[in-house]
Protein chains: 4
Amino acid sequence: MQDIGRSKRAARAFSLDDVAIMPTRRTRGIETVDVDWRIDAITFEFPLLAAPMDSVMSPATAIAFGELGGLGVLNLEGLWTRYANPQPLLDEMGELGEACTTRRLQEIYSEPIKAELITERLRQIREAGVPVAGALSPQNAQQFADVVERAGLDFFVIRGTAVSAQHVSNAAAPLDLAKFIYELEVPVIVGGCATYQTALHLMRTGAAGVLVGFGGAATSTNAQVIGIEVPMATAISDAAEARRDYLDESGGRYVHVIADGSMGHSGDVVKALACGADAAMLGVPLARATEAPGQGWHWGQEAWHENLPRGRRVPVAQVGTLEEVVLGPSHSPDGTMNLVGALRRALASTGYTEVKAFQRIDLIIH
Amino acid sequence: MQDIGRSKRAARAFSLDDVAIMPTRRTRGIETVDVDWRIDAITFEFPLLAAPMDSVMSPATAIAFGELGGLGVLNLEGLWTRYANPQPLLDEMGELGEACTTRRLQEIYSEPIKAELITERLRQIREAGVPVAGALSPQNAQQFADVVERAGLDFFVIRGTAVSAQHVSNAAAPLDLAKFIYELEVPVIVGGCATYQTALHLMRTGAAGVLVGFGGAATSTNAQVIGIEVPMATAISDAAEARRDYLDESGGRYVHVIADGSMGHSGDVVKALACGADAAMLGVPLARATEAPGQGWHWGQEAWHENLPRGRRVPVAQVGTLEEVVLGPSHSPDGTMNLVGALRRALASTGYTEVKAFQRIDLIIH
Amino acid sequence: MQDIGRSKRAARAFSLDDVAIMPTRRTRGIETVDVDWRIDAITFEFPLLAAPMDSVMSPATAIAFGELGGLGVLNLEGLWTRYANPQPLLDEMGELGEACTTRRLQEIYSEPIKAELITERLRQIREAGVPVAGALSPQNAQQFADVVERAGLDFFVIRGTAVSAQHVSNAAAPLDLAKFIYELEVPVIVGGCATYQTALHLMRTGAAGVLVGFGGAATSTNAQVIGIEVPMATAISDAAEARRDYLDESGGRYVHVIADGSMGHSGDVVKALACGADAAMLGVPLARATEAPGQGWHWGQEAWHENLPRGRRVPVAQVGTLEEVVLGPSHSPDGTMNLVGALRRALASTGYTEVKAFQRIDLIIH
Amino acid sequence: MQDIGRSKRAARAFSLDDVAIMPTRRTRGIETVDVDWRIDAITFEFPLLAAPMDSVMSPATAIAFGELGGLGVLNLEGLWTRYANPQPLLDEMGELGEACTTRRLQEIYSEPIKAELITERLRQIREAGVPVAGALSPQNAQQFADVVERAGLDFFVIRGTAVSAQHVSNAAAPLDLAKFIYELEVPVIVGGCATYQTALHLMRTGAAGVLVGFGGAATSTNAQVIGIEVPMATAISDAAEARRDYLDESGGRYVHVIADGSMGHSGDVVKALACGADAAMLGVPLARATEAPGQGWHWGQEAWHENLPRGRRVPVAQVGTLEEVVLGPSHSPDGTMNLVGALRRALASTGYTEVKAFQRIDLIIH
């Protein structure tokens, strides 16, 4: 803790850029490394989730990402549940490029969400035989919960900029997270959160995983607009401590800590796990795939808020197919391709065989 | 405190950019948040003052800002009290753009201040039915005090780059702030100041509010010219401690701490309040309104000093109407529109219902 | 150690850019300074090695560098041992410039290494009468060790991004460094390593010198791709402590600490020695010579990895002949020419006569 | 002190940019401030020296600077003592602009220094009736000392990049500073130095003033070339402590601490005095005068070193006449004009009447 001034003290918080991993005294052959990720009843081939953002996940890319071995999460409040056929709008946005203003986004997303489209999109993914996950904001979770549950899915994701277990509202019946999760038949992943206390409270609601973050970093302007920022290295490390304490308090319930956002390159994913995350939810790295619906652009849910937008639509370079981006081979030395290979290489270079042990590696501040 | 060298130690001081707010374990519906601000006998709908700068406040924009619910402060030493009709000069400056040199500013502002124009400008604002406030520098406060007081106003603002309660001068009768304020019939807001001691001394003069800052940050070049800088997070936190100590010492007089400058985006206003400020005086954010007299340019009083100018005239993007800038809706995700909405959103996202409690929120250094 | 968060602490690590040398109370005439470097049975006129990178070392430049008084190290896995005549490929790459993609590098380097070319290249250097050194990666060290040893050389360099004495592999017979070095007839220089423990373990294998670093800094993208970084000032200082401890533990075996990479200008070499290095292995500074095979471009072994490239091919300015770059005279004030003169000048300006004592000079952090 | 690594600790050192002055609880009218500077028998109107650099000082500008009230120091090893008429060369360099290479500088300055020109230049300045000062490097001090002393001057300046009282050399008779200064009839100003120990040793040689610095910062590339840097805030503070200790040790001899270089704007001069300097020697701020011989360019003695140049020739904006630069009025808000007015304003704004007391003002680190 340092003095800001005579009436305020503050602790330093660290972003993933502030830290790095140092080589250790051991190395391994990459063939000895295993990065699979088991949450609830499902084992994934790697600990990556695709973020529920319209620039990243369509039903088609959710299926493709699942087939590669990860967990694609569809945004159930985005274009695909507002429009029967959003493709012309995605094409328009792609063609407009920089000229697609915030005002145009606000118009496009003013179209209401349709329950039948939620059902339809989830059905399409389920029929492809991959794990199914859909995301709603806390504001819409109750209204569409039945629809979603009936549609059938493996993970129900409740994702907002800041989600707390103690939301206060004048609304008739604000979301009671613990009750809501208790009554759902499917495991819930919930967040973003940023502190030990919030993470612990979210774990106590019965969630299977908590998202650590505060709006997607690549597109978010929360720092400029409302002064709130979440240095991810610190937030992940705090949530990992909550996981440990809750594990004890609950007599053995392991709630997964999922870093959400602020990871633009594979090295950031590695550092997030080294800070204690079990898995990482990715936006911009997957928006770089040629199949990504964003067509070279990336934006999040905050970009179209009706009276206080807090996100930008940003250009991203299209670097290769989704398969190349996730599994390689890479033809680009900048951490944008072969995300899983990079993770495996990082573990091999530092002598680890699995992510769980890698969470304890020493970091340096630079 | 760190050693600069063997003969000097210094403490680190923090700017608003150095700190940020982290989400807490609570969130709220934005409808439960109240940001009104009561000072002396008047309650404003939000804790924002418009800075007495010619690029920001004309009689017309002071009225408009008051009608929106804030406190507009007219510069009583600027173009509007030097010229019967300054509009042609404002137009010339707008058209000249970058070509409007410091030398031209020095010429324009060499015209003397006219008492009758002070009377006329304040009358115009008063007749509009909004709270009236005008600003003089300490150098001119005595000369025009009678004129100003007779014209009638709600807040008398004494604003200089550095104002102290202990000014030493060879002049015949230097301003005795305590006596001056005691004799005035209207509440006084005075500053800028930057340290605990100065803030405490200014509070003891009987002021209703103290301005914390040292020249407007967006335009000021004091750091380059005279080596003086005021990292605002530290300065506000120090002044807030002075407020607390003076409250005790005075047996209950609450002097408002008003952050003045260095707040270019709504997130900076949020952080200033989180550091302990009661309200914020804004320049550049309001200069971005289409109605602002600066016509896309912004400058402060130090820009036209006759032999040592210490400020620049800087271009600002015009982003929307004054109402959109202050109350929204926003169509820009960069913290330039819907300043009040952003403040309310920040409180809601961190679970606070009012500014006074929000002053105690934890900060991080990043 | 600082808290990253509740579950992680980390120490700050320093790059060479983070530190600097301050003048001391003594100065010397440059004619009183001696920078020669003795390792094993050979004394070099200055403590510089040329890095085994295809943009830096060809047989011809290895000979030229040796004739100037340093130790040139040929990459035995590069173009010169894959192709009988690589010159057309070097020319193609030079002409392509930026257009030479990672994919093209991957193609070029997919050609297998040929044992007879290893023999031929080493013979050519030996016949020129300069000290001979060749480098293999740990992966290839065993396969080609006999060929290399039979070809005859003064130093066998085993160089990888991260080399440990405790490599774990599923391969039939992973490299046992200690056994390997014990059985070789020639002294071995091995690395990179980055920590006290790894350096100590490498010293225990019987190596004559250890390389400190992690991929060449000028071209490496390991930080972005796998999150691993080696702040060199800290790494060198740690390895120097391992040298001291191993000297005691071994009863007097002095293993040389050789900084490898992250030294773009002569000032960086000076700082590396001031941190405790005995010598420096240089890439980009020598790639700036007009004779360098890279023809104005510089790249390392990681740039062509088949499925996870972690290095860039970067342009470098050609500043003068190899002799001018190494021994001067300099006509450029930016630390790119007269590397040895700069080192001598640094010692003279701070009152030292030799590198060994200079390793103890005080540094500052800035 | 922080650990760089296991074998090295280092203290943080601060540049003038790292620190700033905060307003205090007092302010003053500028008319109550006095910045005169008394050294040896002469009182100057302000504590500024013009640096002995060919881009700054010609005999004509030395006279002009003296007439304004400061101390101009002529470089006795520059163009004016190598050429009877250097003006054509200065014109050539001005016209060449960027095209004037280091190699061309090396050629121009290869012309030998001529004793008779030293005599002539000093005579010219003396006849103008202003204080006379000339500078030699330690290398040339002995050879030309007689000539200089016979020519007559008020201050003999011995100025090198690093000057120590304990220079070791193989030369027949290296300069013995203490003996040299003892035998001279005129007061000596000597430096640069950068640490407490060196400053103290230089004070013990009998110097009237010590220069703190290490090559001019605006043009120096010593950091890149030889890894040596002098963060000025720390260096000045250390030298000021040496002044205090030597004052006691010598029973009352006050040796002036003169900051030399790294002060590009008036705010830097203010900070240098706040760190404990008695006066400041300026290069780039005076090279901005229209009369400056550099004609819009600035370079130092290290730029033309024959085999290891360690300085650049850099462009500078010509902002006004020498009088405007030094005494104002200023028409530029960036700290390039009215240097003395800025110094007086800084003292007034913080409530000080004189430089000696101002040396004790609190700084902040930002």
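Higher on the page you've got the structure.
Remember, predicted model here, so these are calculated numbers, not experimental data.

A. Layout of the pairing of strand β2 (residues 8-12) of chain A. The pairing of strand β1 (residues 2-5) of chain A with β2 of chain A spans 3 bridges and is antiparallel. Its bridge partner being in β2 of chain A, Gly-5 of chain A is matched across the sheet by Lys-8 of chain A. When β2 of chain A meets strand β19 (residues 363-365) of chain B, the two strands line up parallel, connected through 3 bridges. By the bridge assignment for β19 of chain B, Arg-12 of chain A is matched with Ile-365 of chain B.

B. Just the packing of helix α5 (residues 115-127) of chain B against helix α6 (residues 138-151) of chain B, in detail. Residues and elements named next belong to chain B. One way to put it is that α5 packs onto α6 with a least axis distance of 9 Å and a crossing angle of 25°. In terms of axis orientation, α5 runs roughly parallel to α6. For α5 against α6, the interelement crossing comes out right-handed. Judged by residue contacts, Ala-115, Ile-118, Thr-119, Leu-122 and Arg-123 of α5 engage Phe-144, Val-147, Val-148 and Ala-151 from α6. Looking at the contact of α5 with α6 residue by residue, the classes come out as 7 nonpolar, 1 polar and 1 charged.

C. Quick peek at the sheet that holds strand β2 (residues 8-12) of chain D. Pairing in this open sheet of 4 strands is mixed, and the strands run β3(C)-β19(C)-β2(D)-β1(D) from one edge to the other. Two strands lie at the open edges of the sheet, namely β3 (19-21) of chain C together with β1 (2-5) of chain D, each paired on one side alone. The mean angle between the axes of side-by-side strands here comes to 45°, regardless of whether they run parallel or antiparallel. Pairing between β3 of chain C and strand β19 (residues 363-365) of chain C: 3 bridges, direction antiparallel. Paired with Ile-21 of chain C across the two strands is Leu-363 of chain C, which belongs to β19 of chain C. The strands touched by helix α10 (residues 232-249) of chain C are β3 of chain C together with β1 and β2 of chain D; relative to β1 of chain D, the strand with the most contacts, the crossing angle is about 75°.

D. Examining helix α8 (residues 196-204) of chain C more closely. Residues and elements named next belong to chain C. Counted residue by residue, α8 has 7 buried out of 9 residues, so it is predominantly covered. Of all the positions in α8, only Tyr-196, Thr-198, Ala-199, Leu-200, His-201, Leu-202 and Met-203 are classed as buried. Here the buried face of α8 lies against β12 (166-168), β13 (188-193), β14 (209-212) and α10. A positive backbone phi angle near 100° is found at Gly-206, which sits one or two residues after α8.

E. A look at helix α5 (residues 115-127) of chain C. Residues and elements named next belong to chain C. If you check α5, its first and last C-alpha atoms are 19 Å apart, about what 13 residues at 1.5 Å a residue would give, namely 18 Å. If you check which residues of α5 are buried, you get Ile-118, Arg-121, Leu-122 and Ile-125. Projected down its long axis, α5 shows its buried positions confined to an angular sector of 95°, all on one face. Exposed positions of α5 whose direction lies more than 90 degrees from the buried face are Glu-116 and Glu-127. Where α5 is buried, its residues touch α1 (59-68), β9 (74-75), α2 (79-82), β10 (133-136) and α6 (138-151).

F. Here's a closer look at the relation of the copies chain B and chain D. The operation relating chain B to chain D is a screw motion whose rotation component is 90°, with 0.0 Å of axial translation and a residual RMSD of 0.0 Å. Given the turn and translation reported, the copies of this chain are related as if by a four-fold rotation axis. Every residue of chain B has its C-alpha some distance from the rotation axis, and the shortest such distance is that of Gln-2 of chain B, at 8.7 Å. Different-surface contact between copies: only 2% of interface residues of chain B are shared with the interface of chain D.

About the criteria used
- Throughout this document, residue positions are counted from 1 along each chain, in the order its sequence is written.
- Following the order in which they are written, the chains are lettered starting with A and the ligands numbered starting with 1.
- Given that the model is predicted, a residue must reach a pLDDT of at least 70 before its local features are reported, and side-chain atom pairs must reach 80 or more before they are shown or counted; all residues, however, enter totals for whole chains, interfaces and linings.
- Only strands that DSSP links by at least two bridges are regarded as paired with each other.
- Counting from the N terminus, the helices are DSSP H or I runs at least four residues long and the strands are E runs at least two residues long.
- To get an axis, a line is fitted to the C-alpha atoms, and for a helix only the part in contact is used. The angle between two axes follows their N-to-C directions and goes from 0 to 180 degrees.
- Any angle from 65 to 115 degrees is called roughly perpendicular, while one under 35 is roughly parallel, one over 145 is roughly antiparallel, and all others are oblique.
- Should the near helix be turned counterclockwise from the far one by less than a right angle, the crossing is left-handed, whereas a clockwise turn marks it as right-handed.
- Contact criterion: two residues are in contact if their C-beta atoms, reconstructed from the backbone, are within 7 Å.
- Classification used: nonpolar for Ala, Val, Leu, Ile, Met, Phe, Trp, Tyr, Cys and Pro, charged for Asp, Glu, Lys and Arg, polar for all others including Gly.
- Note on burial: count the other C-beta atoms lying within 10 Å of the residue's C-beta; 20 or more is buried, 12 or fewer is exposed, in between is partly exposed, and C-beta positions come from the backbone.
- Any helix carries an expected span of 1.5 Å times its number of residues minus one.
- The arc in question is the one traced by the directions running from the helix axis out to the C-beta atoms.
- Each copy is superposed on the other by least squares, with the fit set by C-alpha atoms of residues at a pLDDT of at least 70 in both.

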